[in-house]
Amino acid sequence: MPMLKILIPFILGILVAQHVTLPLLFLVGVFALCTVAALLLSSGGYLFVALLSCGMSLAEFHWQRVSPCSLNKGICEIKIESSTPRYRTATGIVTALYDDSLQRWEEMHRPVLIRTDSLLELHPGERIVALTSLTPLNAGKSDFLAHLYRAGYRTCVSLSDSDLLHRRAASPHALRTTALRHFQHLGIEGWAGSVSKALAVADRVSLPPHILHSYSYSGMSHLLALSGLHIAILFIILNVVTRWLSLFLHGHLLRSAILVAILWLYVLAAGAPPSAVRAAVMCSFLQFTLHHASSYDGVNTLAAAALVLLTWNPLLLNDIGFQLSFTAVAGIIIRHGDLRPRPRQRFALLRIVGDMLSVGFTATIVTAPLVSHIFGYIPLWGVLLNPIVIPLTAVILLVASLWYLLPIPLIAPLLQGIAEGAAHLLNGLADLTHRLPLSTLELRLSGAEVAGIYSFFVLIALCKWYFDGKKELPLSL
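First, a word on what this report is: a plain description of the structure on this page. Here the structure is a predicted model, which means the values were calculated and not measured. (Residues numbered from 1 in each chain as written. Predicted model: local features only at pLDDT ≥ 70, side-chain atom pairs only at ≥ 80, totals over all residues. Heavy atoms only, no water.)

**Considerations on the overall build of the chain**
Item 1. Counting secondary structure elements, the chain contains 16 helices and eight strands.
Item 2. Of the contacts made within the chain by residues no fewer than 6 positions apart, 73% connect residues no fewer than 24 positions apart.
Item 3. Looking at the chain as shown, the accessible area adds up to about 23700 Å², and 68% of this sits on carbon and sulfur atoms. (Helix = DSSP H or I, 4+ residues; strand = E, 2+ residues; numbered from the N terminus. Contact = heavy atoms within 4.5 Å. Areas by Shrake-Rupley, 256 points an atom, 1.4 Å probe, with all protein chains shown as cover.)

**Some points on the pairing of strand E4 (residues 127-136)**
Item 1. Inspection of the sheet shows strand E1 (residues 71-84) paired to E4 by seven bridges, in the antiparallel sense. Along E4, the bridge assignment pairs Cys76 with Ala130.
Item 2. As defined by bridge partners, E4 adjoins strand E6 (residues 164-168) across four bridges and the pair is classed as antiparallel. What sits directly across from Arg127, in E6, is Arg168. (Pairing = 2+ DSSP bridges.)

**Details of the packing of aromatic side chains**
Item 1. According to the stated counting rule, one finds three aromatic pairs in the structure shown.
Item 2. Between the aromatic rings of Phe456 and Phe457, the centroid separation amounts to 6.5 Å while the plane-to-plane angle is 45°, which identifies the pairing as tilted.
Item 3. Here the aromatic residues Tyr454, Phe456 and Phe457 are joined through ring pairs into a cluster of three or more. (Phe/Tyr/Trp six-rings, centres within 6.5 Å; stacked < 30°, edge-to-face > 60°.)

**Points about a nonpolar patch on the surface**
Item 1. Residues Ile8, Leu12, Leu15, Phe48 and Val49 make up a contiguous nonpolar surface patch of about 390 Å² in total accessible area.
Item 2. Breaking the nonpolar patch down by element, the ones donating at least two residues are helix H1 (2-17) and helix H3 (44-65).
Item 3. Along the chain, Leu15 turns up in helix H1.
Item 4. Its relative accessible area of 36% is what places Leu15 among the partly exposed residues. (Patch = residues over 30% accessible without salt bridge, like charges linked within 9 Å, V, L, I, M, F, W, Y side chains within 5 Å. Salt bridge = Lys/Arg side-chain N within 4 Å of Asp/Glu carboxyl O. Buried < 20%, exposed > 50% of the residue type's maximum accessible area, 1.4 Å probe, protein only.)

**Describing the environment of Trp244**
Item 1. Looking at the element boundaries, Trp244 is found in the loop between helix H8 (228-242) and helix H9 (251-269).
Item 2. With relative accessibility at 47%, the residue Trp244 sits in the partly exposed group.
Item 3. Between the C-alpha atom of Trp244 and that of Arg255, which follows or precedes it by eleven residues, the distance is 9.0 Å.

**Focus on unusual backbone geometry**
Item 1. Here Ser42, not a glycine, exhibits a phi torsion of approximately 50°, which is positive.
Item 2. Structurally, Ser42 is set in the loop between helix H2 (24-41) and H3.

**Focus: the nonpolar core**
Item 1. Ile231, Leu234, Leu302, Leu310 and Phe322 are the most contacted members of the largest nonpolar core, which totals 53 residues.
Item 2. Within the residue set of this core, elements represented by two or more residues are H1, H3, H8, H9, helix H10 (274-287), helix H11 (295-312), helix H12 (320-336) and helix H14 (380-405).
Item 3. Excluding its chain neighbours within four sequence positions, the residues that come into contact with Leu234 are Leu263, Tyr266, Leu397, Leu398 and Ser401. (Core = buried A, V, L, I, M, F, W, Y, C linked by side-chain atoms within 4.5 Å.)

**Describing the layout of surface pockets**
Item 1. Here the second largest pocket is characterised by a volume of approximately 1700 Å³.
Item 2. Lining the second largest pocket are 45 residues, and of these Phe326, Thr327, Tyr454, Ser455 and Val458 sit closest to its centre.
Item 3. Of all the elements in the fold, those that place two or more residues in the lining of the second largest pocket are H1, helix H4 (143-150), H11, H12, helix H13 (348-375) and helix H16 (447-472).
Item 4. Here the element with the most residues in the lining of the second largest pocket is H16; it accounts for twelve residues.
Item 5. A class-by-class count of the residues in the lining of the second largest pocket yields 31 nonpolar, eleven polar and three charged. (1 Å grid on protein atoms, 1.4 Å probe; cavity = no way out; pocket = protein on both sides within 12 Å on 5 of 7 lines; lining within 4 Å. Points joined across faces, edges and corners; volume = space filled by probe spheres on them. Nonpolar A, V, L, I, M, F, W, Y, C, P; charged D, E, K, R; others polar.)

**Quick notes on the environment of Phe326**
Item 1. Inspection of the secondary structure puts Phe326 in helix H12.
Item 2. Owing to a relative accessible area of 23%, Phe326 belongs among the partly exposed residues under this scheme.
Item 3. Counting along the chain gives 20 residues from Phe326 to Ala306, while the straight-line C-alpha distance between them is 7.9 Å.
Item 4. Ignoring anything within four residues of it in the chain, the contact list for Phe326 reads Leu7, Met282, Leu302 and Ala306.

**Brief notes about the side chain of Asp163**
Item 1. As for its position among the elements, Asp163 is in the loop between strand E5 (155-159) and E6.
Item 2. Residues within four places of Asp163 in sequence aside, it is in contact with Val129, Ala130, Leu131 and Ser158.

Take a look at the structure:
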């Protein structure tokens, strides 16, 4: 797995740069010298140092661009990226500041953490102009703020409704507008329709407060916010459902082309949020190697996709969406191999359902340490229910994808019934779970504890690969 061997020192360089600050020109010089030495001497040691310094150089370059910004009182324009109404927070990009001395706007690109009052609700994609103050983010208050700081959010702003001078709603993409209209034609009404719309096209506007409350306290709120986890779910389930195509001549190419097209269709229909785009790039890289029937190839290609994304922006390493999607997909590949096609067997439908439950359980277990470290809790009932709710979520995603591809009125009642039934089950589970005692465990794992847990997971993966390799060795008499 050469790409994994390259990725490890590259990531180490990004992590070292978080704690050690060196001049950018010095790091670039070290990278150039070690690269030349590695090529001339064929030295693995020099190559390791070159990759380490490359990661440090790119991280230092990006962190210089997101240095903290201060503004006592002024007018700024902010583009909203994401919003978390439950915690009255949002993230955005300061795109322009008004300079009073020069009487003109100054363009910029500065990530910012936004704190809002109870009367102000911000929506992803909209642009606001506000009279406010910008202050450096105090990352020492909590682990979550420290995580945001490492991800590039080094400036914060507090906003109330009275601070806003102007706000412009997000202009939807043409494909997203078409997807919303098509999905409404399915005719899913009530709370099931609201949840289905949130999952299928990332439209949470019609979600009633009690539904949001139930999902939050049952540990299922992550299902309602489009992220890399949704792309990973759709990617894995599509591979499970369509792996029979690989039994035909050149079927793996057709399978890959269909799955990548469906993935990107869903991402564009949902408005192409950055987290979903990153996950789609990762899964697209991965899809074209699954037909090699080896989990080695899958992990190697996943490492290549991660290397491309981190080269483009090293700060993604601290993005929770990137971490969750990468960890979930890696765990599923290692646990379930390549999702290779199997010969025709009895009870095939039951086997597919069992695979879906197993995939959901694997994704839940491998991402639980990260959830605990970042958010400070583990949804106990959510951990038990995720192997069930993830396949239900996948059913709604599959229905939406099929309806986007084949908006035929004749199949609308069937797709409506399937999606509505899955949404009703999700709502019922969320409502039942949040009423149960001990729904969440307040537990925040330290960085060392998380590293220890994932080291144990890696040890298990190495043992699995070792024994799989032993099985493939030819027997000699």
